[in-house]
Amino acid sequence: MKLTTAVLAAGAAVSLAIAVVGTARLRQDARHQAERNEALLAGNQIDWLSQMSTSPDLAEIWKPEGMETEEYMRLMSTNRLLCMFSLRDRLGFVPKGRLPFFAAWIMKSEVSRRYWKHFGDLRAQEAEGDKRAEHFTRMLDQAAQAHLHEHPAAA
């Protein structure tokens, strides 16, 4: 092999390696930007839910027909907890295999079960098409159902 051919081959190999590293870096940057966007949007939602759960005047405007304002505020407080937990899960801060444990812990609360009974179907509809959100919602639903089977008087 001539020296010029070897230099060209080495240059091509270096260029290819740089392109591969650059592509990986672009993917990582895009993933990090998506995570930042998700955290920002979740923060906005959690802030709104905080207002819903602490401001009777605002809750009165948004509550479902036939629901008491105070009950809606309690349910939105639970929704805030679920949104914070969901964000932790989506960002990878819930250890693998621990989601059922946390879901069961949340569903030990009677207000969480009331929230799930009233809004669980809506959350399932919102999760459609997002595998991670579908899994999260399924774990919460299973925990709520398991609690009802273990404590039938709570139904």
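Structure first, text after, so check above.
Computed from a prediction, not measured in an experiment: that's the story for all the values here.

Q: Before we move on, can you summarise the nonpolar core with the specific residues and values?
A: Formed by 25 residues in total, the largest nonpolar core has its most connected members in Tyr-72, Met-76, Tyr-115, Trp-116 and Leu-140. Sorting the residues of this core by element identifies α1 (3-54), α3 (69-90), α4 (99-107), α5 (110-127) and α6 (131-150) as the ones contributing at least two each. The dominant element in this core, judged by the number of residues it contributes, is α3, at seven residues. Setting aside chain neighbours within four positions, we find Met-76 in contact with Leu-49, Met-52, Ser-53, Tyr-115 and Phe-119.

Q: An account of the layout of surface pockets is needed here, citing residue identities and associated values.
A: Approximately 530 Å³ is the volume attributed to the largest pocket. In terms of lining residues, the largest pocket is bounded by 25 residues, among which Gln-45, Asn-79, Cys-83, Arg-123 and Glu-126 are the most central. In terms of residues, the lining of the largest pocket owes the most to one element, α3, which gives seven residues. Tallied by class, the residues present in the lining of the largest pocket amount to 14 nonpolar, four polar and seven charged.

Q: Before we move on, could you go through the pattern of salt bridges and cite the residues and values that matter?
A: If you walk through the whole model with that rule in mind, you get nine salt bridges. Salt-bridge contacts for Arg-114 lead to Glu-71; the nearest nitrogen and oxygen are separated by 2.7 Å. Of the two residues, Arg-114 is situated in helix α5 and Glu-71 in helix α3; the sequence distance between them amounts to 43 residues. With a closest N to O distance of 2.7 Å, Arg-114 and Glu-110 form a salt bridge. Of the two residues, Arg-114 and Glu-110 are both situated in helix α5; the distance of four residues between them amounts to about one turn of the helix. The exposure class assigned to Glu-110 is partly exposed, which follows from its relative accessible area of 45%. Put simply, Glu-71, Arg-74, Glu-110 and Arg-114 are held in one network by salt bridges that share partners.

Q: Residue-level account of α6, with values.
A: For α6, spanning 20 residues, the distance from its first C-alpha to its last is 28 Å, which sits close to the expected 28 Å at 1.5 Å a residue. Every buried residue of α6 is accounted for by Ala-133, Phe-136, Thr-137, Met-139, Leu-140, Ala-143, Ala-144 and His-147. When α6 is viewed along its axis, its buried side chains cluster within an angular range of 155° and face the same direction. Turned more than 90 degrees away from the buried face of α6 sit Lys-131, His-149 and Glu-150, all of them exposed. Tucked inside the fold, the buried residues of α6 contact α3, α4 and α5. Two or three places before Arg-132, at the start of α6, stands the capping residue Asp-130, its side-chain oxygen 3.2 Å from that residue's backbone nitrogen.

Q: Break down the packing of aromatic side chains for me, citing the residues and quoting the values.
A: For the coordinates displayed, the defined rule picks out five aromatic pairs. Here the aromatic rings of Phe-85 and Phe-136 are separated by 5.3 Å at their centres, their planes lie at 55°, and the arrangement is tilted. Taken together, the positions of Phe-85 in helix α3 and Phe-136 in helix α6 put the pair 51 residues apart, joining distant regions of the chain. Phe-136 matches Phe-85 in its accessibility class, with the two residues each being buried. Taking the centre distance of 5.3 Å and the plane angle of 35° together, the rings of Tyr-115 and Phe-119 count as tilted. Linking Tyr-115 with Phe-119, this pair stays in helix α5, spanning four residues, or about one helical turn. Both residues of the pair, Tyr-115 and Phe-119, count as buried.

Reading the values: the criteria
- Residues numbered from 1 in each chain as written.
- Predicted model: local features only at pLDDT ≥ 70, side-chain atom pairs only at ≥ 80, totals over all residues.
- Heavy atoms only, no water.
- Core = buried A, V, L, I, M, F, W, Y, C linked by side-chain atoms within 4.5 Å.
- Buried < 20%, exposed > 50% of the residue type's maximum accessible area, 1.4 Å probe, protein only.
- Helix = DSSP H or I, 4+ residues; strand = E, 2+ residues; numbered from the N terminus.
- Contact = heavy atoms within 4.5 Å.
- 1 Å grid on protein atoms, 1.4 Å probe; cavity = no way out; pocket = protein on both sides within 12 Å on 5 of 7 lines; lining within 4 Å.
- Points joined across faces, edges and corners; volume = space filled by probe spheres on them.
- Nonpolar A, V, L, I, M, F, W, Y, C, P; charged D, E, K, R; others polar.
- Salt bridge = Lys/Arg side-chain N within 4 Å of Asp/Glu carboxyl O.
- Expected span 1.5 Å × (residues − 1).
- Arc of directions from axis to C-beta.
- Polar contact = N/O pair within 3.5 Å; in protein donor to acceptor, adjacent residues only side chain to side chain.
- Phe/Tyr/Trp six-rings, centres within 6.5 Å; stacked < 30°, edge-to-face > 60°.

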